[in-house]
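Structural features, examined
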Amino acid sequence: VYLIDSAMTLRYFGRINDQHEDRATRNLIIKNHDLKEALSNVLANKEVLVQYTESVGCPLDRVKKPVVEDGKVTFYRDVLPILQKNCQECHRPGEAGPFSLLTFKDAYNWAELIQENVVSGEMPPWKPTAKSVPLRHNPRLSNQEVETVNKWVEGGSARGDIKDSPPPAKFRSSKDWNDENPPDIILESPADFHLGPLGEDHYRTIVMSLNNKEELFIRKTQFIPGNPKIVHHSLYFYDGTGLLMDAQKKLGNSTPPANGIGDWGPGYSSGMGLGFIPDPSKVKRNQDNPGSGLGGWVPAVDPITAPPDTAYILPPQCDVFLQMHFHRNGKQEVDRSKLGLWLTKKPPTKFIKSYLVDTTFTIIPAGVKKYKATGSRVLEEDIKLFTFSPHAHRLATESRLYYSLPGSTEKVLLFEIKNWDFNWQQRYYPIDYVSLPKGTTIHNEWIFDNSSGNPQNPFHPAKTMFLGENTVDEMGFYIIAGVVDVREKVVPTQLLNYFERLLKAEALKKIFGSK
């Protein structure tokens, strides 16, 4: 923005405020309102103390460059295969990417931005480090592919001969079911959800009933976003207790505002959790199978299939709920997503067992830049680990998952993230199952930054942070799942203990939070 006074003197130019740390990071709290300060000073006939700030945004190259026809690295021969394999799943019309990368013109127009993001590792988005066990759905470019993109841009972004190009990549539409047969059950949001144009990202839980009288065996799930422009990701679960449906009836907001601008529709605003702390004493049905995860969706991730000889077992009178993360784009938008369930009539001969591996912290002191929280859990049977999902809020910066074999103190690294991003949370699936014997200890470790210098800190100055379900509280845990040989009664001790911890932390916050 440029601020010019009545004498036509340029008094300030630069950013409006410091809302954006960089193009990929929006600060939760705006600390410096640069334009507002400058306007106030000009109107008060005072000197503008800060006359220039550097703005954040995409560079606008107004210089028309002549197209280089040939070079050592060309688009059609060298770069297009990389884009097809790693980028076009999202960067094509109608999908989540903000621009298409199907053609030479597409890539040529964004060449410098592609180079910057590929060389820095920002794109394709993938948080786990190379120290993690090999994982499915890893879109990270090899060193050679990064160097190819870099040399292509440095060499003038040569077009090359179209005869050298591979056949166009074939992508299944994100609106189509990815199976030979349609789903046995399709759960669709009962009405459009309306997302307002402005504000922080919106997290919503939408609960739908299956009305099943008997157990259901689920072999596969697939989520289809109604509006990929605003659906950042979704996690989905089953609830055998009915508590989520009760919460939706109490907390839901389906009435549009008078001006038609805002958030309303099916479900309720829940943050990154359930939106409430369940009361275990109110669990009256399906106490032996109260609920668990069914999968998750982020752009370019395949549908979730249960491991061979297993199935997700849903109890009678079961509900399914979607936890939706919506990203605003400056316009009023609507979404109507759906979840497909494929059943199998064959009862499973092996079973899926989940563990909650929690940390032990209750508070994170204000001002501590590297607060370390740890926790562990001992496996109660032999297990073949096939998925894990980390979860934390805005103060987290690093996370690790380890295991120690029975009788050993050595911690073997399974998974690591060194640049945790609240907005990129997903399930991870090892390429090969990790076989762990009974008695193995699973460890998780988190690093939190509760200093005022953390742009993601919801409080400035920093305040003591409590364990809690709200996004202005903090959490740190993993949910892991594996294949076991024997089906045991699901006793939700882990979750009940966790909810008890949340209740104690909430009480502690009420007592000490304002002091």
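See the structure shown above.
Note that the coordinates shown come from a computational prediction; the quantities given were computed from them, not determined experimentally. (Residues numbered from 1 in each chain as written. Predicted model: local features only at pLDDT ≥ 70, side-chain atom pairs only at ≥ 80, totals over all residues. Heavy atoms only, no water.)

1. Comments concerning the sheet that holds strand E11 (residues 291-297)
In space, the five strands of this open sheet follow the order E10-E7-E14-E9-E11, with antiparallel pairing throughout. Since the sheet does not close on itself, it has two edges, and those belong to strand E10 (268-269) and E11, each with one partner. Summarising the sheet, strand E9 (residues 231-239) and E11 pair through six bridges and their orientation is antiparallel. Its bridge partner lying in E11, phenylalanine 237 is registered against glycine 293. Helix H6 (residues 243-251) rests against strand E7 (202-209), E9, E10 and strand E14 (319-326) of the sheet, and its axis sits at about 120° to E7. (Pairing = 2+ DSSP bridges. Helix = DSSP H or I, 4+ residues; strand = E, 2+ residues; numbered from the N terminus. Contact = heavy atoms within 4.5 Å. Axes fitted to C-alpha atoms, helices over the stretch in contact; angles between N-to-C directions.)

2. Overview of empty space enclosed by the protein
Evaluated as defined, the whole model comprises two cavities of 30 Å³ or more. In this structure, the second largest cavity spans a volume of roughly 30 Å³. Lining the second largest cavity are Pro125, Trp126, Lys127, Trp424, Gln426 and Tyr428. When grouped by side-chain class, the residues that make up the lining of the second largest cavity number four nonpolar, one polar and one charged. (1 Å grid on protein atoms, 1.4 Å probe; cavity = no way out; pocket = protein on both sides within 12 Å on 5 of 7 lines; lining within 4 Å. Points joined across faces, edges and corners; volume = space filled by probe spheres on them. Nonpolar A, V, L, I, M, F, W, Y, C, P; charged D, E, K, R; others polar.)

3. Observations concerning the side chain of threonine 221
Within the secondary structure, threonine 221 sits in strand E8 (residues 216-224). In terms of polar contacts, threonine 221 uses its side chain to reach the backbone carbonyl oxygen of leucine 294, at 3.3 Å. (Polar contact = N/O pair within 3.5 Å; in protein donor to acceptor, adjacent residues only side chain to side chain.)

4. Some remarks on a nonpolar patch on the surface
A contiguous nonpolar surface patch, about 680 Å² in accessible area, is contributed by Tyr2, Ile4, Met8, Leu10, Phe13 and Tyr52. Broken down by secondary-structure element, the contributors of at least two residues to the nonpolar patch are strand E1 (2-4) and strand E2 (10-13). Along the chain, tyrosine 2 turns up in strand E1. (Patch = residues over 30% accessible without salt bridge, like charges linked within 9 Å, V, L, I, M, F, W, Y side chains within 5 Å. Areas by Shrake-Rupley, 256 points an atom, 1.4 Å probe, with all protein chains shown as cover. Salt bridge = Lys/Arg side-chain N within 4 Å of Asp/Glu carboxyl O.)

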